[in-house]
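# A structural walkthrough
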Amino acid sequence: MRYKIEDYPFEKYDCLHYLKTLYKDRGLKLFYQFLNRTQRRPFSRALINTYAPHGIGLEVGVGARTICPTERTILSDAFFAHGLHDSIAKVFFHGDEIPYENDSFCFIVSEHVLEHVANPLKVLKECIRTLRPGGKLFLFLPHKERTNDSHRQVTTLEHVIDDYNKDVPLDDQTHMDEWFKNVVRKGLMPFHYSHLSTKDLLKTGSIHHHVWTEKEILEIVQFCGLKVRYVNAKVPDRRDSFVVVSEKS
Ligand SMILES: [Zn+2]
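## Brief notes about the coordination of the zinc ion
Every protein donor of the zinc ion is accounted for by His159 (NE2), Asp163 (OD), His175 (NE2) and His210 (NE2), and the metal-donor separations fall at 2.1 to 2.2 Å. The site at the zinc ion holds four donor atoms, and with the angles between them running 87 to 175°, its shape is irregular. Sequence spacing among the residues donating to the zinc ion works out to H-x3-D-x11-H-x34-H. Of the two residues, His175 sits in the loop between helix 5 (157–165) and helix 6 (176–184) while His210 sits in the loop between helix 7 (198–203) and helix 8 (214–223), which places them 35 residues apart along the sequence. The exposure class of His175 is buried, given its relative accessible area of 11%. The class for His210 is buried, based on a relative accessible area of 1%.

## Topic: the packing of helix 5 against helix 8
Put simply, helix 5 and helix 8 touch, their axes get as near as 9 Å, and they point 50° apart. Between helix 5 and helix 8, the angle is such that the two are oblique. Residues Leu157, Val160 and Ile161 of helix 5 pack against Glu219, Ile220 and Phe223 of helix 8. Per-class residue counts for the contact of helix 5 with helix 8 are five nonpolar, no polar and one charged.

## Let's talk about the nonpolar core
By size, the foremost hydrophobic cluster in this structure holds 36 residues, and its most contacted members are Leu58 and Ile217. Put simply, the parts of the chain that give this core at least two residues each are strand 2 (73–77), strand 6 (105–111), helix 4 (120–130), strand 7 (131–142), helix 5, helix 8 and strand 9 (241–247). The leading source of residues in this core is helix 4, at five residues. Look past the residues within four positions of Leu58 in its chain and what remains in contact with it is Thr73, Ile74, Ser76, Phe93, Ile98, Tyr100, Phe105, Phe107, Ile108 and Val109. Formed by 13 residues, the second largest nonpolar core is a distinct cluster that contains Ile48, Phe107, Val109 and Val235.

## Points about the sheet that holds strand 1 (residues 57–59)
Across the sheet, seven strands lie side by side as 5-2-1-6-7-9-8; this open sheet has mixed pairing. The sheet is open, and its two edges are formed by strand 5 (91–92) and strand 8 (227–232), each paired on a single side. Pairing geometry for strand 2 and strand 5, over two bridges, is parallel. The partner of Asp77 across the bridge, within strand 5, is Phe92. Most of the contacts of helix 4 go to strand 7, to which it runs at about 145°, and overall it touches strand 6 and strand 7. Relative to strand 9, helix 8 is tilted by about 20°, and along the sheet it contacts strand 7, strand 8 and strand 9.

## Focus on the pairing of strand 2
Among the five residues of strand 2, five are classified as buried, and the element is accordingly described as predominantly covered. Here strand 2 shows two buried faces, one formed by Thr73, Leu75 and Asp77 and the other by Ile74 and Ser76. Relative to strand 2, strand 1 is paired through three bridges, and the arrangement is parallel. Within the sheet, the bridge partner assigned to Leu58 lies in strand 2 and is Ile74.

## Re the pairing of strand 7
With respect to burial, strand 7 is a largely interior element, nine of its twelve residues being buried. Pairing analysis gives six bridges linking strand 6 to strand 7, with the strands arranged parallel. What sits directly across from Phe107, in strand 7, is Lys136. As for the winding sense of the linkage, the β-α-β connection from strand 6 through helix 4 to strand 7 is right-handed. Two elements, strand 7 and strand 9, share seven bridges in a ladder whose sense is antiparallel. Its bridge partner being in strand 9, Pro142 is matched across the sheet by Ser241.

## Things to note about a nonpolar patch on the surface
Together, Tyr23, Leu28 and Phe31 give the surface a local cluster of nonpolar side chains, amounting to about 370 Å² of exposed area. Inspection of the secondary structure puts Leu28 in the loop between helix 1 (14–26) and helix 2 (30–35). For Leu28, a relative accessible area of 64% gives the class exposed.

## Some words on the side chain of Asp77
Inspection of the secondary structure assignment puts Asp77 in strand 2. Despite its burial, Asp77 pairs with no opposite charge; the closest candidate is Lys24, at 10 Å N-O. In this structure Asp77 touches Gly61, Val62, Gly63, His82, Ser87, Ala89, Val91, Phe92 and Phe93, once residues within four positions along its chain are discounted.

Calculation notes
What you see as residue numbers is a count from 1 along each chain, following the sequence as written. The predicted origin of the model limits local features to residues at a pLDDT of at least 70 and limits the giving and counting of side-chain atom pairs to 80 or more, whereas totals for whole chains, interfaces and linings rest on all residues. The basis for every side-chain value is the complete set of non-hydrogen atoms in the structure, without hydrogens or water. Only N, O and S atoms count as donors, using a 2.8 Å limit from the metal and a wider 3.2 Å limit for Na, K and Ca, and since water is excluded some coordination spheres may look unfilled. Only four donors with every angle between 85 and 135 degrees are called tetrahedral; only four or six donors with opposite donors over 155 degrees apart and all others between 65 and 115 are called square planar or octahedral, in that order; all others are irregular. Working definition: helices are DSSP H or I runs of at least four residues, strands are E runs of at least two. Numbering for both runs from the N terminus. Note on exposure labels: buried denotes an accessible area under 20% of the residue type's maximum, exposed denotes more than 50%, and partly exposed covers the range between, all computed with a 1.4 Å probe on protein chains only. Simply put, an axis is a line fit to the C-alpha atoms, just over the touching stretch for a helix, and the angle between two N-to-C directions goes from 0 to 180 degrees. Note that the term roughly parallel is reserved for angles under 35 degrees, roughly antiparallel for angles over 145, roughly perpendicular for angles of 65 to 115, and oblique for everything else. Every residue pair with non-hydrogen atoms within 4.5 Å of one another is taken to be in contact. In this classification, the charged set is Asp, Glu, Lys and Arg, the nonpolar set is Ala, Val, Leu, Ile, Met, Phe, Trp, Tyr, Cys and Pro, and all remaining amino acids, among them Gly, are polar. The term nonpolar core refers to a set of buried residues drawn from Ala, Val, Leu, Ile, Met, Phe, Trp, Tyr and Cys, joined through side-chain atoms within 4.5 Å. By definition, two strands form a pair when at least two bridges between them are found by DSSP. With its strands directed away from the observer, a crossover is right-handed exactly when the path from the first strand over the helix to the second travels clockwise. Candidates for patches are residues over 30% relative accessible area with no salt bridge; among them, like charges are joined within 9 Å and nonpolar side chains (Val, Leu, Ile, Met, Phe, Trp, Tyr) within 5 Å. Areas reported here follow the Shrake-Rupley algorithm with a probe of radius 1.4 Å; residue values treat only the protein chains shown as occluding. When a carboxyl oxygen of Asp or Glu is within 4 Å of a side-chain nitrogen of Lys or Arg, the pair counts as a salt bridge. Positive charges are assigned to Lys and Arg, negative charges to Asp and Glu, while His and the chain termini are left out of the count.

Scope: geometric values only; no functional claims are made or implied.
Rendered as C-alpha cells:
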C-alpha cells in the first residue's frame, strides 16, 4: 500500500503541536519546558530550516518528540512506543520500505534511528529513493565515544555493505550478544529500556545494532552517492550526537 502526501494531516500550528506532544510526554513539567522552547534544540531546528527552508519533508522514526517543522513534515515511525514513551507519529512503517513514491520529499530527517536498524544501507537507499533530486538528508546519530556504546567497535562501511548484500532482516540478532556484553553487562543499559525483556528489546527496535562516529557515516553516505553538505562531530544542542547533512544529486 502507498500513502499520498496530500492525505497527511499536517499540523497547522507547529508550536501548538509541540505543546500537545510535550504534555502527553511530560505532564505538567511541560510548562517549564515550553517556556524554554526557543532554547530547546535551537541549533538543530535552525540547521533543518537552513538546509531545507521549503517543501515537504519526512521524519523517519520520530519517537516522542521532534525537531522538525511539523507544519511541513510527515512524522513517521516503525513502533508505537519507544521505551517508556509513546510515538507522536501519524503514519507507521519500517524505514526499509517507505510507502511513498520516488522523489517525494524535499528533506528527510532521522534522529537516533539508523543505529537501531539491522540493515542500515537498506533504509538509506529507501530514503534516497524518496528524496527529490537536491533533497537533503539529515542524519543525527549518537557518537560512539559519548554514549553507552563507548566500549564497542565502530561499524565499518564494509560491514553495512555486507549486511545489505545478505539482506539482513529487521529482527536480526547478530549483534545481540556483543551488545549485551559491552553495554548491558557493563551497567550501561539506558534506564528507559530497563523494564523491557531481551525479546521485547529486539521487537521494539531498542538495541543499537551498529555504532558510529561522523567519519564512518561520511563514508557511507558518499558510498550511497550523496553529496555531503554539512558535518558536525558534536551537535551543540545534543552533545551525545553528531550530524551529517547530505544531498541527493
Ligand atoms: Zn550489522
